[in-house]
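Here is what each chain is made of, one letter per residue.
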Amino acid sequence: MKEVMILTGAGQIGMAIARRTGYGMKIIIGDKNPENANEISKIMNEAGFDTIGMEMDLSSRASILKMIAQAQNYGSITKMVNAAGVSPSQASIETILRVDLYGTAVLLEEVGKIIAPGGVGVTISSQSGHRMPALAPEEDEQLACTPTEELLQLKMLQPGHIRDTLHAYQLAKRCNEKRVMAESVRWGDKGARINSISPGIIVTPLALDEFNGPRGDFYKNMFARCPAGRPGTADEVANVAELLMSEKGSFITGADFLIDGGATASYFYGPLKPEA
Ligand SMILES: NC(=O)c1ccc[n+]([C@@H]2O[C@H](COP(=O)([O-])OP(=O)(O)OC[C@H]3O[C@@H](n4cnc5c(N)ncnc54)[C@H](O)[C@@H]3O)[C@@H](O)[C@H]2O)c1
């Protein structure tokens, strides 16, 4: 039997990571849009990988459990890549919280229960989580440790406390980083590791929706004036994932890695700093 990888989110970032880290494995690709899952599965199979696509909804525990059960038919799950998500221009506040915040938390929890010893996972957060000002320590702890089914009832996530979809996305991505810290303790009990990667602007269909959305000029200005002077590529995100998921990353767990061409640095201390 082969070792099995679960890939959620059949987008550009997910595929790039799976291509770096999934050779020789059975890769189960889940996406809310089954056409995306099947398309990425076909591209990868025609490039020598062994994948199958299936429909799965990150915002549903039942759907996550169904995907895990399907994956276990092929062997033991040793790798997880979560690159499913919706962006501020694609979805409502409610959907962003349900998919990016709650869904990610449930996936980390459920995969953490069955990940094989020596297993490893990465989940894609975002620079947006780094840009939002610090929360109170109690709020961070709530995001990290509140039982998954109670997360969406937290006061800070109620309608009056969230300004717009960007704010919801920032909170969801901050929550991803905090959940990874808390989950790394449980994953560690199994001899497994889990980390998050926070990309800046990476050219993918999701980012193209942002470029063409209401904050398009803001994003274009951001990559033009960040230290790198350009947006990033999914393959550069996969470089980081490859390190984290390999033996070379064996002492790294519960951590988050910002890869944004310096945009966050410039936002705080350089030309991208918002005018007071
Ligand atoms: N592209 C960027 O600039 C950027 C920057 C920071 C973070 N991210 C994050 O990276 C992750 C991957 O995004 P991408 O840029 O590769 O985009 P993408 O559009 O290429 O892929 C995202 C995939 O997630 C799927 N998806 C959406 N809702 C889902 C759900 N409920 N259940 C299962 N699948 C669902 C979509 O159908 C799509 O195939 C997201 O979490 C996103 O927030 C992207």
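Use the structure listed above.
Computed from a predicted model, the values in this text were never measured in an experiment.

### Notes on the sheet that holds strand β1 (residues 4–8)
At step 1: Strands sit in the order β3-β2-β1-β4-β5-β6-β7 across an open sheet of seven strands; the sheet is parallel. The outermost strands of the open sheet, each flanked by one partner alone, are β3 (50–55) and β7 (256–259). Sheet twist, expressed as the mean angle between neighbouring strand axes with direction ignored, is 20°.
At step 2: Across the face of the sheet, helix α4 (residues 93–114) comes into contact with β1, β4 (77–82), β5 (120–124) and β6 (193–199) while running at roughly 170° to β4.

### Describing the pairing of β6
At step 1: Counting buried residues along β6, seven of its seven residues qualify, which places the element largely inside the surrounding structure.
At step 2: A two-sided burial pattern is seen for β6, the buried positions comprising R193, N195, I197 and P199 on one face and I194, S196 and S198 on the other.
At step 3: Two elements, β5 and β6, share five bridges in a ladder whose sense is parallel. Across the sheet, residue V122 finds its bridge partner in β6, namely N195.

### Here we look at the site of the ligand
At step 1: Around the ligand sit 30 residues, and of these G11, I13, G85, T204 and L206 come closest.
At step 2: Where the shell around the ligand is concerned, the elements lending two or more residues are α1 (12–21) and α9 (205–211).
At step 3: Looking at side-chain class alone, the shell around the ligand contains 15 nonpolar, 12 polar and three charged residues.

### Quick notes on the pairing of β1
At step 1: Taking burial as the measure, the five residues of β1 include five buried ones, the bulk of the element.
At step 2: Across the two faces of β1 the burial is the same, with V4, I6 and T8 and M5 and L7 all buried.
At step 3: Pairing analysis gives five bridges linking β1 to strand β2 (residues 26–31), with the strands arranged parallel. Bridged to L7 within β2 is I29.
At step 4: In this region the chain leaves β1, passes through α1 and returns to the parallel neighbour β2; the handedness of that crossover is right-handed.
At step 5: Where β1 lies against β4, five bridges are found, and the strand directions are parallel. Bridge pairing in β4 places V4 opposite I77.

Thresholds, definitions, all that
- Residues numbered from 1 in each chain as written.
- Predicted model: local features only at pLDDT ≥ 70, side-chain atom pairs only at ≥ 80, totals over all residues.
- Pairing = 2+ DSSP bridges.
- Helix = DSSP H or I, 4+ residues; strand = E, 2+ residues; numbered from the N terminus.
- Axes fitted to C-alpha atoms, helices over the stretch in contact; angles between N-to-C directions.
- Contact = placed C-beta atoms within 7 Å.
- Buried ≥ 20, exposed ≤ 12 C-beta atoms within 10 Å, placed from the backbone.
- Near = placed C-beta within 6 Å.
- Nonpolar A, V, L, I, M, F, W, Y, C, P; charged D, E, K, R; others polar.
- Right-handed = clockwise from strand over helix to strand, strands pointing away.

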